[in-house]
Number of protein chains: 2
Amino acid sequence: MEKLFLSYNQIHQTVKEIAGQINADGYSFDFMIAIGTGGFIPARMLKTFINRPIVTVGMAYYDLDDNKMDAPVITQWLDDPINQIKGRKVLLVDEVDDTRSTIGFCLERLLRHDPAEIAVAVLHNKNKPKSREIPTEVKRYYSGLELEDRWICYPWDADDIWEQDRQAVWSDPPEKGIN
Amino acid sequence: MEKLFLSYNQIHQTVKEIAGQINADGYSFDFMIAIGTGGFIPARMLKTFINRPIVTVGMAYYDLDDNKMDAPVITQWLDDPINQIKGRKVLLVDEVDDTRSTIGFCLERLLRHDPAEIAVAVLHNKNKPKSREIPTEVKRYYSGLELEDRWICYPWDADDIWEQDRQAVWSDPPEKGIN
């Protein structure tokens, strides 16, 4: 599968565009929930454009020996989900909607606590078969870029960040919706 | 105060150097605790070089109207600190050691739970008076760069990331210990 290398600046620009979508849509949320660890960097960038608190949740699909597990294990959750979520407007943030297993899992769990609304924001949505539907309660879904099924190489995974930048060939600033 | 603009790539490079310090020092920790929200991006970068789980803690010094509060309020903590920390080796990660109030506060709280060891990693340590000492139990302290008291402009706070890059004038890759 063809690799798509992205620079930090391209990601930052994409986050800025997501913020623009959210503001244009009039969605005023109380706080973000960043899915760890992929959502940490996008959520922190988004806070610059829409200043709201961030809490995180963590999920692991690999054990300490790096073997893939059948079901995700929650490694961190909200301290007091009932009181934190009930009646609040939330934005769930992750880097990519791939098979949607993580985002779907989180949405189902969070919806049990009666939020006023939950929306989703991802840097990248891959146009591919998904293992879960977005629950019907979720009315707002923001993606920075809609992509074909590509191997996305995020800058934070780079060993040599200067080489990553050389491979990230998108125009500056990137165009929306490039595959 | 003079501003120091940093690019994402410079930060990534600094994190790589911190990972080198940790490995050279032989500190093998079980997991990271990222202090939110400043530690989110450094911790996620560090995971690329030293692959360990990340949990986060959150602290707020400003209320929702952006007024500075006298004491920090914990907005997120570990789910099960006693069992997660007791007897484990931990790395506490934040972006900057400024007055040390946040890092000091976290260290004191975490030490109550009897870790085998807690170490600290920050991108930048400012050489200035600190409001707290590093507790004597903490034997390892890693900083990517030792700086005079400067106004550090982190890339994730930039509205225009391309302009931020133009202002970030450090050599590529940056030299260690530049003021």
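If you're wondering where the values come from, they're calculated on a predicted model, not measured in any experiment.

A word on the overall build of chain A
Helix and strand counts for chain A come out as five helices and eight strands. Over its C-alpha atoms chain A spans a radius of gyration of 16 Å, differing by no more than 12% from the 16 Å that the globule rule assigns to 179 residues. With respect to the three principal axes, the spread of C-alpha positions in chain A is 45 × 45 × 25 Å. Split into buried and exposed, the 179 residues of chain A put 55% on the buried side. Relative to all contacts within chain A whose residues are 6 or more apart in sequence, the contacts with residues 24 or more apart total 67%. Surface summary for chain A: the accessible area is close to 8000 Å², and the carbon and sulfur share equals 47%.

Examining the pattern of salt bridges
Residue and element names in this part refer to chain A. Considering all chains together, one arrives at 30 salt bridges over all chains under this definition. In this structure, the salt-bridge partner of Lys-130 is Asp-97, at a minimum N-O distance of 3.2 Å. With Lys-130 in the loop between strand S6 (117-126) and strand S7 (141-147) and Asp-97 in strand S5 (residues 89-97), this residue pair connects regions lying 33 residues apart in the sequence. Assessed through its relative accessible area of 23%, Lys-130 is described here as partly exposed. Among the ionic contacts, a cluster of salt bridges with common partners joins Asp-98, Lys-126, Lys-128 and Asp-149.

Here we look at the environment of B:Thr48
Its location among the elements puts B:Thr48 in helix H2 (residues 40-49). A C-alpha to C-alpha distance of 28 Å links B:Thr48 and B:His113, two positions 65 residues apart in sequence. Leave out the neighbours within four places in its chain, and B:Thr48 touches A:Trp156, A:Asp157 and A:Ala158.

A short note on the packing of helix H1 (residues 8-25) of chain A against helix H1 (residues 8-25) of chain B
Look at H1(A) against H1(B): their axes get within 9 Å of each other, and the N-to-C directions meet at 125°. Taken together, the axis directions place H1(A) and H1(B) in an arrangement best described as oblique. Note on element contacts: H1(B) touches H1(A) through B:Tyr8, B:Asn9 and B:His12, opposite A:Tyr8, A:Asn9 and A:His12. Broken down by class, the residue content of the contact of H1(A) with H1(B) amounts to two nonpolar, four polar and no charged.

Points about the sheet that holds S5(A)
All names here are of chain A. What the six strands build is an open sheet, ordered S4-S3-S2-S5-S6-S7; its pairing is mixed. Bordering the open sheet on either side are strand S4 (68-76) and S7, each of which pairs with just one other strand. Neighbour-to-neighbour, the strand axes of the sheet open up by a mean angle of 20°, direction not taken into account. Pairing geometry for strand S2 (residues 31-36) and strand S3 (residues 54-62), over five bridges, is parallel. When the sheet's bridge partners are listed, Gly-36 is paired in S3 with Gly-58. Each of S2, S3, S5 and S6 touches helix H2 (residues 40-49); the most contacted strand, S2, lies at about 155° to it. Packing of helix H4 (residues 101-111) onto the sheet brings it into contact with S2, S3, S4, S5 and S6, and relative to S5 it is tilted by some 165°.

Some thoughts on the relation of the copies chain A and chain B
With an RMSD of 0.0 Å, the fit of chain A onto chain B corresponds to turning through 180° and sliding 0.0 Å along the axis. Here the symmetry operator amounts to a two-fold rotation axis. Interface overlap between copies is the fraction of interface residues in one copy that are interface residues in the other; for chain A against chain B it reaches 97%, indicating a shared surface.

Calculation rules
- Residues numbered from 1 in each chain as written.
- Chains lettered and ligands numbered in written order.
- Predicted model: local features only at pLDDT ≥ 70, side-chain atom pairs only at ≥ 80, totals over all residues.
- Heavy atoms only, no water.
- Helix = DSSP H or I, 4+ residues; strand = E, 2+ residues; numbered from the N terminus.
- Rg over C-alpha atoms; globule rule 2.2 N^0.38 Å.
- Buried < 20%, exposed > 50% of the residue type's maximum accessible area, 1.4 Å probe, protein only.
- Contact = heavy atoms within 4.5 Å.
- Areas by Shrake-Rupley, 256 points an atom, 1.4 Å probe, with all protein chains shown as cover.
- Salt bridge = Lys/Arg side-chain N within 4 Å of Asp/Glu carboxyl O.
- Axes fitted to C-alpha atoms, helices over the stretch in contact; angles between N-to-C directions.
- Parallel < 35°, antiparallel > 145°, perpendicular 65-115°, else oblique.
- Nonpolar A, V, L, I, M, F, W, Y, C, P; charged D, E, K, R; others polar.
- Pairing = 2+ DSSP bridges.
- Least-squares fit on C-alpha atoms with pLDDT ≥ 70 in both.

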